[in-house]
Amino acid sequence: MLQKYASFVVNNAAQVNSIENGLRTLTYVLPGRFADAELASEAIYTLLSFVGVYHDKLLAQAAIKGLLVDKQGQPLKLDPTVFSRYHGQMAHASDVYRVAAHVLSCVQYAEKLVEMVAAKRLGNRRRWQVVTWIEITKVVLRLALLRASGQRMVTGAVVPEREVDPGSLGSTKHMEQGVDAKKQWKGGRSRLSFTSVREILQQAEGNADLGAFVANSPQNAERIAPAPSLMHRLNALGLTGELLFILRPLIYVLSMRKLGANNWRAWALSLLIELTSRQMLRSDINVPRTLERDEMARRKWLFVYYLVRMPFFEQFTEKRLSRVAMWCSNKPVISLLGSLIQDYQPLWKQYYFYTAGS
């Protein structure tokens, strides 16, 4: 049964992807439409996240076997990003890293849904207990990733991203066909595939200039570098900053439970920890590499969440967003934006993980 499903996904990748995208779009407009709409929306989104990861894995395996072709009918060649190469090699080298990364991703996919169910079935007090245990679990998993990676930064997402764009696929080959092993050489440790010298010569009808081929190939060192070299090993200062960043959500939750969800001291403490962590990491990593630069940029955007966290949201942001929503409501096209703002405001106030940034 699973083999038939895998074959169906591979042979109809573009159509399956369109259905996934359509359902994801639906989840954004469901909240506020009927009773428990936000719960239904989050349940669909969580399920799609798990299914999407499985589909990505099927397509990547099919591409490696030579079962996918592009619009021109040529075998699709995977060109993994630096992000995918780093996490893929780390997972291949360490069972601890692989297990922790997958469990952490599953927790991140399901955390909003779990909080909603806990709030509706267990009550507010028990909900905060569930939220605390989720954050404790994430801290333990991130600490495991930090150690397994050799004290390198832990990125927001920790599993390889989508390597195959279903929209770029042509008609797929039959499952019995595969890629000619003589055309590629795969490194035993890095698991990277390279075009063989024999294939280069054959494509050029025996007149290939290997020197020109090497000179014209991409000379980005990060494309061939081993995973550990794609991120700096953190020194004492940077490691302290990374530990602060990992612990920050748990400290924030515990302070809210002690001081109250609308307490300014809990909000300010979280902000102070995040600012301190960022400064320590920037001081330790003088020349950030691609992954570190992208992760620092992502963490910079996380500061936006402080605008929609209580009590700042209630005292400053909410009224301004309400005015924007009212202004949009009478305008064509952008009226949907106003409706979305109005529908999501109660969720930002009621549920922790909608603005947690963890």
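Note that the structure is a prediction, hence the values are computed from the model and not measured.

Reading guide: rules and limits
Residues numbered from 1 in each chain as written. Predicted model: local features only at pLDDT ≥ 70, side-chain atom pairs only at ≥ 80, totals over all residues. Heavy atoms only, no water. Phe/Tyr/Trp six-rings, centres within 6.5 Å; stacked < 30°, edge-to-face > 60°. Helix = DSSP H or I, 4+ residues; strand = E, 2+ residues; numbered from the N terminus. Buried < 20%, exposed > 50% of the residue type's maximum accessible area, 1.4 Å probe, protein only. Patch = residues over 30% accessible without salt bridge, like charges linked within 9 Å, V, L, I, M, F, W, Y side chains within 5 Å. Areas by Shrake-Rupley, 256 points an atom, 1.4 Å probe, with all protein chains shown as cover. Salt bridge = Lys/Arg side-chain N within 4 Å of Asp/Glu carboxyl O. Axes fitted to C-alpha atoms, helices over the stretch in contact; angles between N-to-C directions. Parallel < 35°, antiparallel > 145°, perpendicular 65-115°, else oblique. Contact = heavy atoms within 4.5 Å. Nonpolar A, V, L, I, M, F, W, Y, C, P; charged D, E, K, R; others polar. Expected span 1.5 Å × (residues − 1).

**A word on the packing of aromatic side chains**
Next up, step 1: Throughout the structure, instances matching the rule amount to 15 aromatic pairs.
Next up, step 2: For the pair Tyr-5 and Tyr-54, a centre-to-centre distance of 6.3 Å together with 5° between the ring planes defines the contact as stacked. In this pair, Tyr-5 sits in helix α1 (residues 2-11) while Tyr-54 sits in helix α3 (residues 37-64), placing the two residues 49 residues apart along the sequence.
Next up, step 3: Look at Tyr-54 and you get partly exposed, because its relative accessible area is 31%.

**Digging into a nonpolar patch on the surface**
Next up, step 1: There is a patch of nonpolar side chains on the surface, built from Trp-327, Val-333, Ile-334 and Leu-337 and spanning about 430 Å² of accessible area.
Next up, step 2: Counting through the fold element by element, Val-333 comes out in the loop between α12 (312-329) and α13 (335-350).

**Describing the packing of helix α4 (residues 82-93) against helix α5 (residues 95-122)**
Between two packed helices, the angle of one axis relative to the other and the distance separating the axes together describe the packing.
Next up, step 1: Orientation of α4 relative to α5, taken along the N-to-C sense of each, is 125°, at an axis distance of 5 Å. The orientation of α4 with respect to α5, classified from their angle, is oblique. Mapping the contact onto sequence places Tyr-86, His-87, Met-90, Ala-91 and Ala-93 in α4 and Asp-95, Tyr-97 and Arg-98 in α5.
Next up, step 2: Across the contact of α4 with α5, the residue classes break down as five nonpolar, one polar and two charged.

**With respect to helix α2 (residues 13-29)**
Each α-helix turn comprises 3.6 residues. Residues three or four places apart therefore point the same way.
Next up, step 1: Taking 1.5 Å per residue as the helical rise, α2 with its 17 residues ought to reach 24 Å, and the 25 Å between its terminal C-alpha atoms agrees with that figure.
Next up, step 2: Contacts made by the buried residues of α2 are with α1, α3 and α13.

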